[in-house]
Amino acid sequence: MISTSLAQSAYAASSAPVRSDRGTEYAAFQSVTTKLNQATQPDAPMAERAAALHENRKLWTILASDLADDGNALPQTLRAQLFYLAEFSLLQSRKALDDAEALKALVDINTSVMRGLAGQEAAT
């Protein structure tokens, strides 16, 4: 009886989905962008805005570090463009503590990256 239940649990469907690298990156951007979106609300507390911006800065810092690594397999041109976006996002994150428009720009940038990760064309 016990061995049967152990076998069933070992072969049961995993509750965590298996993601590709792109899927993992997409999920990270989605999580951070949701927090940034919530922080754009007029009644959002400053602590929520600061926390969302901190998460965004961490994400872009990790991404920039990966882009600078010699082992990164992305084309050099794309790496350079994404690295520029990382620098811009880090600068905008500083401004966004006081400026709601800078916060919205970060949401737009992250949303565009998510579209790219999902293989969608940018909306015109």
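Everything below is about the structure shown above.
Bear in mind the structure is a predicted one, so any value in this text is a computation, not a measurement.

K.L.:
Looking at this model, I keep getting lost on the packing of helix α3 (residues 46-68) against helix α5 (residues 100-118). Mind explaining?
P.N.:
Two quantities define a packed helix pair, namely the angle between the axes and the distance from one axis to the other. It is at 12 Å that the axes of α3 and α5 come closest, and there the two elements cross at 40 degrees. When the interaxial angle is binned, α3 and α5 end up oblique. Taken as a pair, α3 and α5 cross one another with a handedness that is left-handed. For the pair α3 and α5, contact is made by R49, L53, N56 and W60 and by A100, L103, L106, I109, N110 and V113, respectively. Residues belonging to the contact of α3 with α5 are distributed by class as follows: 7 nonpolar, 2 polar and 1 charged.

K.L.:
Sorry if this is basic, but what is going on with the pattern of salt bridges here?
P.N.:
Side chains that differ in charge, positive against negative, can pair when their charged atoms come close. Counted by the stated rule, this structure contains 2 salt bridges. When the shortest N-O distance is used, the salt bridge between E55 and K58 registers 3.5 Å. Here K58 and E55 lie together in helix α3, a separation of 3 residues that amounts to about one turn. When its relative accessible area of 26% is taken as the criterion, E55 is described as partly exposed. Of the residues examined, K58 reaches a relative accessible area of 40% and is grouped as partly exposed. For K104, the salt bridge is made with E101, and the minimal N-O distance between the two is 3.7 Å.

Criteria and thresholds
The numbering scheme is per chain: residues are counted from 1 as the chain's sequence reads. Selection of residues for local features in this predicted model requires a pLDDT of at least 70, selection of side-chain atom pairs for listing and counting requires 80 or more, and totals for whole chains, interfaces and linings are taken over all residues. For the side-chain quantities, the full set of heavy atoms in the structure was used; hydrogens and water were omitted. The convention used is that axes are lines fitted to C-alpha atoms, helices contributing only their stretch in contact, and that angles between N-to-C directions extend from 0 to 180 degrees. In DSSP terms, a helix is any run of H or I states spanning at least four residues, a strand is any run of E spanning at least two, and both are numbered starting from the N terminus. When describing relative orientation, an angle under 35 degrees is termed roughly parallel and one over 145 degrees roughly antiparallel, while 65 to 115 degrees is termed roughly perpendicular and anything else oblique. Helix crossings get a hand from a simple test, with the near helix turned counterclockwise from the far one by less than a right angle marking a left-handed crossing and a clockwise turn marking a right-handed one. Two residues form a contact once any of their heavy atoms are found within 4.5 Å. Residues were grouped as follows: Ala, Val, Leu, Ile, Met, Phe, Trp, Tyr, Cys and Pro as nonpolar; Asp, Glu, Lys and Arg as charged; and all remaining residues, including Gly, as polar. Should a side-chain nitrogen of Lys or Arg be within 4 Å of a carboxyl oxygen of Asp or Glu, the pair is scored as a salt bridge. Buried, partly exposed and exposed residues are distinguished by accessible area as a fraction of the type maximum, computed with a 1.4 Å probe on protein chains only: under 20%, between the cut-offs, and over 50%, respectively.

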